[in-house]
Amino acid sequence: MAALDPQAKRRTFERLANVREIVFGIQDGVLTTAGVLAGLSGAVAQRSQVILAALASTAAGALSMGAGAYLGTRAETRILRSEMRRVREESQGQPYVVQESLLAALAKEGLSREAGYRIVQLLSAAPQALYNTAEEKIYGLAGATFGNPLSDGLLMGVAFLLGALVPLLPFMLVASLRLGLIAGLATTAIVLFAVGYAFEGRLSDQRYPAVAGLRFLAIAMGAAAIGYVIGLLIAPLGAVPAG
Amino acid sequence: MLKPGDAAPAFDLPCAFDDKLSHLSLSGIRSEMVVLFFYPRDFSFICPTEVIGFHKARAAFNAEHTSIVGVSVDDAESHRRWARELGSLGFPLLADAGGNLARKYGVFDDAEGTALRATFILDARRVVLYAVASPVNVGRSVSETLRVVRALRSGKLCPADWVPGADASPADPD
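Residues numbered from 1 in each chain as written. Chains lettered and ligands numbered in written order. Predicted model: local features only at pLDDT ≥ 70, side-chain atom pairs only at ≥ 80, totals over all residues. Heavy atoms only, no water.

### Topic: the overall build of chain B
Okay, step 1: In terms of helices and strands, chain B carries 5 helices and 9 strands.
Okay, step 2: Listing the helices and strands of chain B from first to last along the sequence gives β-β-β-α-α-β-α-β-α-β-β-β-β-α.
Okay, step 3: Taking 16 Å as the expected radius of gyration for a compact globule of 174 residues, we find that chain B reaches 16 Å, a close match to that expectation.
Okay, step 4: Across its three principal directions, the C-alpha atoms of chain B cover 50 × 30 × 30 Å.
Okay, step 5: Each charge sign in chain B was given a centre, from 19 positive and 22 negative side chains, and these centres are 5 Å apart. (Helix = DSSP H or I, 4+ residues; strand = E, 2+ residues; numbered from the N terminus. Rg over C-alpha atoms; globule rule 2.2 N^0.38 Å. Lys, Arg positive; Asp, Glu negative; His and termini not counted. Charge placed at Lys NZ, Arg CZ, Asp CG, Glu CD.)

This is the structure in structure tokens:
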């Protein structure tokens with residue numbers, strides 16, 4: 001019989017925890033850049049201006065998203081660690097309260113009071129096990145809750161950059177502004193569908209992964225379409241007055 | 001919550017005592033005084049410190065002609081198993097399933113569905129002489145309960161922190 005490898009499973013869960021950064025980064029990179037291309041293509045006539053603006057937006061976006069993810073995870077981790085330290089200090093001063101709270105949490109999950117009592121009593125023989133279990137069951141705090149600021153920041157920034165290249169590269173390679181935009185939006189649609197299909201559909205064992213892909217695509221392309229319309233609406237504001 | 005001077009509501013409830021299941025009524029208790037203590041639940045981590053504390057002090061309470069009775073909303077079988085877990089108890093545990101008795105004494109916590117941590121000392125006429133309740137997460141003092149029983153039985157006016165052997169004060173108008 002194949003034995004469960006808890007360490008391998010734990011590593012898998014830790015890797016999966018980074019899916020958020022990857023999906024968020026790619027989606028935001030694709031969407032922001034496609035929005036910039038669509039919006040500026042409606043407002044600006046020169047292709048080179050659109051490309052320069054999109055490149056600037058990509059660089060700023062990748063750095064901003066990477067720094068934001070780094071700072072966000074860092075702040076979250078520090079606050080959580082500080083809160084866990086405070087909770088543990090309080091718990092060590094009131095072991096009965098921890099035991100009672102853990103007992104109540106186990107009873108809430110369906111264990112009889114007597115069975116819960118015996119489990120808590122056994123855990124109490126190893127205070128570290130008692131406090132770790134109590135933190136997880138009572139407060140929902142666990143070691144896996146903590147992200148890594150550096151890897152979160154890098155993943156987010158790189159994912160944004162890769163996502164941004166999806167509409168930008170075809171736009172740059174095709175000489176015509178209109179055809180370039182169509183090519184960029186087409187690759188955007190394919191990649192957005194693929195991201196939704198893979199991450200939301202296949203990895204989460206959805207019955208119809210294509211539906212997840214289409215939903216992802218619809219949300220992202222909807223935003224791009226709105227960006228294009230806004231570009232058209234604000235175009236008159238940039239017109240040089242005659243005379 | 002009942003206060004000193006109130007008549008203690010009678011009861012006749014299932015109980016566990018000496019590893020047996022039976023019934024106990026207030027009128028069936030023959031001792032001069034009764035310490036009736038409510039606690040939240042069997043199989044908990046604060047309650048046993050009190051229950052064991054009363055068990056260890058039972059001889060001192062007996063010497064004061066005072067019976068000890070514990071009450072919670074658990075059933076008698078749960079009481080019996082819990083008493084076994086604690087290594088047998090020298091006083092009965094009443095099964096107040098539904099908390100009706102706790103309600104009559106005014107110590108039922110509706111939010112928790114259990115009794116508060118409350119202690120009543122009853123005299124020979126089963127009138128409340130002393131009543132105290134503490135938060136669920138703070139265990140009561142058995143030695144303080146014993147001190148109050150002794151003070152009440154002394155029949156004297158006892159100042160703060162009075163202990164047996166200390167002179168009781170004469171009546172002080174202030």
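Here the narrative resumes.
### Some thoughts on the overall build of chain A
Okay, step 1: In terms of regular secondary structure, chain A is built from 9 helices and 0 strands.
Okay, step 2: When contacts within chain A are restricted to residue pairs at least 6 apart in sequence, long-range pairs at least 24 apart make up 70% of them.
Okay, step 3: When the accessible surface of chain A is totalled, it reaches about 14,200 Å², and 66% of it is carbon and sulfur. (Contact = heavy atoms within 4.5 Å. Areas by Shrake-Rupley, 256 points an atom, 1.4 Å probe, with all protein chains shown as cover.)

### With respect to the pairing of strand 1 (residues 12-17) of chain B
Residue and element names in this part refer to chain B.
Okay, step 1: Both strand 1 and strand 2 (residues 20-25) contribute to a ladder of 6 bridges, which runs antiparallel. Each residue of the ladder has a partner; that of alanine 16, found in strand 2, is leucine 21.
Okay, step 2: Connecting the antiparallel pair strand 1 and strand 2 is a turn made up of 2 residues, with aspartate 18 showing a positive phi of about 60°.
Okay, step 3: As paired elements, strand 1 and strand 5 (residues 93-95) share 2 bridges and run antiparallel to each other. Paired with alanine 16 across the strands is leucine 93, a residue of strand 5. (Pairing = 2+ DSSP bridges.)

### Some points on the sheet that holds strand 5 of chain B
All names here are of chain B.
Okay, step 1: On the basis of which strands lie adjacent, the open sheet formed by 7 strands has the order 2-1-5-4-3-8-9 and mixed pairing. Single-partner strands in this sheet number two, and they are strand 2 and strand 9 (128-134). The average angle at which neighbouring strand axes cross in this sheet is 25°, direction not considered.
Okay, step 2: As paired elements, strand 3 (residues 33-38) and strand 4 (residues 66-72) share 6 bridges and run parallel to each other. Residue valine 34 lies in a different strand from strand 4, and its bridge partner there is serine 67. (Axes fitted to C-alpha atoms, helices over the stretch in contact; angles between N-to-C directions.)

### Things to note about the side chain of glutamate 64 of chain B
Residue and element names in this part refer to chain B.
Okay, step 1: By the secondary structure assignment, glutamate 64 is in the loop between helix 2 (58-63) and strand 4.
Okay, step 2: We classify glutamate 64 as buried; its relative accessible area is 15%.
Okay, step 3: Apart from residues no more than four positions distant in its own chain, glutamate 64 is found in contact with Leu146, Val149, Arg150 and Arg153. (Buried < 20%, exposed > 50% of the residue type's maximum accessible area, 1.4 Å probe, protein only.)

### Things to note about the confidence of the model for chain B
Residue and element names in this part refer to chain B.
Okay, step 1: Per-residue pLDDT for chain B averages 89, and the proportion of residues at 70 or more is 94%.
Okay, step 2: Mean pLDDT across the secondary structure elements of chain B bottoms out at helix 1 (residues 47-56), with 87, and peaks at strand 5, with 97.
Okay, step 3: Under a pLDDT of 50 for its full length, residues 170-174 has, in the predicted model, 3 contacts with residues more than four places off or in other chains. (pLDDT = per-residue confidence, 0-100.)

### Structural notes on helix 7 (residues 149-173) of chain A
Okay, step 1: For helix 7 of chain A, with 25 residues, the first-to-last C-alpha span of 36 Å sits near the 36 Å given by 1.5 Å per residue.
Okay, step 2: Looking at where helix 7 of chain A begins, the residue whose side-chain oxygen comes 3.0 Å from the main-chain nitrogen of leucine 150 of chain A is asparagine 148 of chain A. (Expected span 1.5 Å × (residues − 1). Polar contact = N/O pair within 3.5 Å; in protein donor to acceptor, adjacent residues only side chain to side chain.)

### Observations concerning the interface of chain A and chain B
Okay, step 1: With 11 residues of chain A in contact, the opposing surface of chain B contributes 11 residues.
Okay, step 2: A combined buried area of about 1,100 Å² lies between chain A and chain B, and 59% of that area is made up of carbon and sulfur atoms.
Okay, step 3: Among the residues chain A hides against chain B, the three largest losses belong to Arg113, Glu114 and Tyr117 of chain A. Together they make up 50% of the total.
Okay, step 4: Measuring nitrogen to oxygen at the nearest pair gives 2.4 Å for the salt bridge that ties arginine 118 of chain A to glutamate 85 of chain B.
Okay, step 5: Where chain A touches chain B, the interface holds 6 residue pairs in polar contact (both at pLDDT 80 or more).
Okay, step 6: Of all the secondary structure elements, the ones that give two or more residues to the side of chain A that touches chain B are helix 4 (95-108) and helix 5 (113-124) of chain A. (Buried area = accessible area lost by both parts, 1.4 Å probe. Salt bridge = Lys/Arg side-chain N within 4 Å of Asp/Glu carboxyl O.)

### Some words on the packing of helix 7 of chain A against helix 8 (residues 177-202) of chain A
All names here are of chain A.
Okay, step 1: Following both chains from N to C, one finds helix 7 and helix 8 inclined at 150°, their axes separated by 7 Å at the closest point. Relative to helix 8, helix 7 is oriented roughly antiparallel. For the pair helix 7 and helix 8, the sense of crossing is right-handed. Contacts from Val166, Pro167, Pro170 and Phe171 of helix 7 reach helix 8 at Leu177, Gly180, Leu181, Ala183, Gly184, Thr187, Thr188 and Val191.
Okay, step 2: Across the contact of helix 7 with helix 8, the residue classes break down as 8 nonpolar, 4 polar and no charged. (Parallel < 35°, antiparallel > 145°, perpendicular 65-115°, else oblique. Left-handed = near helix turned anticlockwise from the far one by under 90°. Nonpolar A, V, L, I, M, F, W, Y, C, P; charged D, E, K, R; others polar.)

### Some points on the packing of helix 4 of chain A against helix 6 (residues 127-139) of chain A
Residues and elements named next belong to chain A.
Okay, step 1: For the pair helix 4 and helix 6, the least separation of the axes is 9 Å and the interaxial angle reads 50°. One way to sum up the angle between helix 4 and helix 6 is to call them oblique. Of the two possible hands of crossing, helix 4 and helix 6 adopt the one that is left-handed. Contacts between helix 4 and helix 6 involve Pro95, Val98, Gln99, Ser101, Leu102, Ala105 and Leu106 from the first element and Leu130, Tyr131, Thr133, Ala134, Lys137 and Ile138 from the second.
Okay, step 2: For the contact of helix 4 with helix 6, the per-class residue count stands at 9 nonpolar, 3 polar and 1 charged.

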